[in-house]
Each structure stands twice: as C-alpha cells, then as structure tokens.
Amino acid sequence: EQRHSSLASSVIDAANGLAYFGTQSYPGAVIKVDLATFTSVAVLTLLEDEGDLDSAAFDPANGYAYFVADTDPGKVVRVDVNPARPFARVAALTLDEGEAWPDTAVIDPGNGYLYLGLDVWPDPRVVKVDVSPARPFARVAAVKLRDDEYAPTCAVIDTAAGYAYFGTYTEPGNVVKIDVN
C-alpha cells in the first residue's frame, strides 16, 4: 500500500461509501478510500503544477470532486469520482493573474457554481467558478472583500437561503456573507 503525507483536503461520497483526500505535495495526488474496508483503493496523481490541494468540494449529482491548488494563480482541478466511470482528472481551470492562494471552497451543486476564498493581500476576494457540466468550466465573477476581510480560510454555504459565509484568518476574525443568487 502506497502511503501519502500531508493530506490537506477531503470530500466524502457517502452514497457510494467513498472518501477522497487531496495532498499538499507537488504534484498533488487524490487518494480514493473505500470507507467500508477503510483502505486506499486508488491514487490519482495530478499534473506537476497542481499541488498543495488545500481545499475541495463535491458535486454528488454529477459525480465530480473539485480539488483546489493553493498556488499563484490558483487552479481548480475537476476529478471524475463517479464509480461508474474511470477515476480520472478530466479538466483544470487556472484563475486570473493575481487570484492566488485559494484557501477554501464551497459548492452550490444545484446551480453549478464553486466559490473560492482567496488569501490575497491587498486585494482580498471570493471568486465564482462555473462548474456545471452543461456549461463551460470557467471563472465567471469575483467579489472584492474589505481590507479587514483578507485571508478567508474556511467557508460554509446555505444554498436554500442563497448565501455563502467565509471566515477570515484575521485578528479579530470576521465572517463575510456573500449573496450567491
């Protein structure tokens, strides 16, 4: 069994009894774990510049996990995790110049958007990425945050209410509310 260190992100596909863990290594790797047997059943090595996978999100309806490279600029990697299809890297999207260090991600799978909190200074922001398989995989918008709202490092999304909340790594910490409708 191959061992991996520095696991940094994860998603769970509870319906299929699987979990996926992203590494901080270069190149990054996604480790597929069978939760019933608690064993690593596959390892997917990404491209050389797709490492430091500090955040991830899962779209269960479409069978894709998104692993986000905490790089400059940031990069989103789409991984096919549908058990009926091959476990594979299927696409990647590099963010715009200056959109670096995406530390957190949340997904609205019903509407097909991923939201990334960027740890950039002096221009903190949240970037919106279209991840719907029915549309082009693309960066579509960004919301600039206030100067005291830099370093969003954790997030949750309330799709029913239409808001994502990003917690900042500041002193004092802030919670930023983003309208995702």
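Residues numbered from 1 in each chain as written. Predicted model: local features only at pLDDT ≥ 70, side-chain atom pairs only at ≥ 80, totals over all residues. Heavy atoms only, no water.

S.K.: What's the story with the packing of aromatic side chains in this structure? I'm lost.
M.R.: Aromatic ring pairs are reported here in terms of the distance separating the ring centres and the angle at which the planes meet. Within the structure shown, the criterion is met by four aromatic pairs. Ring centres of Tyr66 and Phe137 lie 6.1 Å apart, and the angle between their planes is 50°; this geometry places the pair in the tilted category. With Tyr66 in strand S6 (residues 64–69) and Phe137 in the loop between strand S11 (125–130) and strand S12 (138–144), this residue pair connects regions lying 71 residues apart in the sequence. On the basis of relative accessibility, which here comes to 16%, the residue Phe137 falls in the buried class. Seen in terms of ring centroids, Tyr163 and Tyr165 are 6.4 Å apart; in terms of plane orientation they differ by 45°. Their pairing is tilted. The exposure class assigned to Tyr163 is partly exposed, which follows from its relative accessible area of 27%. Looking at Arg78, its charged tip hangs above the ring of Tyr64, at a distance of 5.1 Å from the centre. The ring of Tyr113 has Lys128 lying over it, and the distance from NZ or CZ to the ring centre is 4.2 Å. (Phe/Tyr/Trp six-rings, centres within 6.5 Å; stacked < 30°, edge-to-face > 60°. Helix = DSSP H or I, 4+ residues; strand = E, 2+ residues; numbered from the N terminus. Buried < 20%, exposed > 50% of the residue type's maximum accessible area, 1.4 Å probe, protein only. Lys NZ or Arg CZ within 6 Å of the ring centre and 35° of its normal.)

S.K.: I would appreciate a short explanation of the nonpolar core in the present structure.
M.R.: Side chains that are nonpolar tend, in soluble globular proteins, to be buried together. Judged by nonpolar contacts, the single largest core of 19 residues is most densely connected at Tyr66, Val76, Leu114, Leu116, Val129, Val131 and Phe137. The set of elements that each furnish at least two residues to this core consists of S6, strand S8 (88–94), strand S9 (102–108), strand S10 (113–118) and S11. With near-sequence residues (within four places) excluded, Val129 lies in contact with Leu93, Leu95, Gly112, Tyr113, Leu114, Leu116, Phe137, Ala138, Arg139 and Val140. (Core = buried A, V, L, I, M, F, W, Y, C linked by side-chain atoms within 4.5 Å. Contact = heavy atoms within 4.5 Å.)

S.K.: Any chance you could explain the sheet that holds strand S5 (residues 53–59) here in plain terms?
M.R.: To summarise the sheet geometry, strands pair through backbone hydrogen bonds and adopt either a parallel or an antiparallel arrangement. Ordered in space as S5-S6-S7-S8, the four strands form an open sheet in which the pairing is antiparallel. Looking at strand neighbours, the two that pair on one side only are S5 and S8, the edges of this open sheet. Taken over all neighbouring pairs, the strand axes of this sheet differ in orientation by 20° on average, direction set aside. Judged from the six bridges that link them, S5 and S6 form a sheet pairing that is antiparallel. Bridge assignment links Ala56 to a residue of S6, and that residue is Phe67. (Pairing = 2+ DSSP bridges. Axes fitted to C-alpha atoms, helices over the stretch in contact; angles between N-to-C directions.)

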